[in-house]
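Listed below are the residues making up each chain.
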Amino acid sequence: MTHRYLIQAYGTSDVGRVRANNEDSFFIADLSAGVRIEKNGDLSFPAGPGGSLFAVADGMGGAAAGEMASRLGLRIVYKVVQESIREINHPDNEELEEILIDAVATANRRIFQMGRDYEEYRAWAPP
């Protein structure tokens, strides 16, 4: 299979001026090959039929386990998108939109539930 173009992306995140710990997360993913990077750096890959996904989750401003929440949320989004695309096989634009909406909602529900289930994450969810 020939590819029409090459995806070249670079991701980086910075702690900023206020906090000592960077709670932001991101990933760059080649959905065709099932490859994702979550650390600063570049990624180059041929465009494939599964597409690409670029995602950013802003940290939670010092909230309990904010870094974990942003990282977990993105990992759930990636997993749901990757699984859904495999199931549907060449989704159209409307299906892609629904996949993304479902992935974000699933991540939100899981993080909210963890906040309710575990005392150390309580700041994620109201009592």
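About the thresholds
Residues numbered from 1 in each chain as written. Predicted model: local features only at pLDDT ≥ 70, side-chain atom pairs only at ≥ 80, totals over all residues. Heavy atoms only, no water. Pairing = 2+ DSSP bridges. Helix = DSSP H or I, 4+ residues; strand = E, 2+ residues; numbered from the N terminus. Axes fitted to C-alpha atoms, helices over the stretch in contact; angles between N-to-C directions. Contact = heavy atoms within 4.5 Å. Salt bridge = Lys/Arg side-chain N within 4 Å of Asp/Glu carboxyl O.

A. Spatial organisation of the sheet that holds strand β5 (residues 52–57). A sheet is described by the order of its strands in space; here 3 strands give the open sequence β3-β2-β5, paired in antiparallel fashion. Two strands bound the open sheet, and with one partner strand each, they are β3 (35–37) and β5. For this sheet, the mean inter-axis angle between neighbouring strands, taken without regard to orientation, is 15°. Sheet analysis places strand β2 (residues 25–30) next to β3, joined by 3 bridges and oriented antiparallel. Following the sheet pairing, I28 is matched in β3 by I37. Each of β2, β3 and β5 is contacted by helix α1 (residues 66–88), which is oriented at about 20° to β2, the strand it contacts most.

B. Expanded view of the pattern of salt bridges. All told, the structure shown has 2 salt bridges when counted by the stated rule. E38 serves as the salt-bridge partner of R75, at 3.2 Å between the closest nitrogen and oxygen. Placement of the pair is R75 in helix α1 and E38 in the loop between β3 and β4 (41–46), with a sequence separation of 37 residues. One network of salt bridges, with partners in common, ties together R36, E38 and R75.

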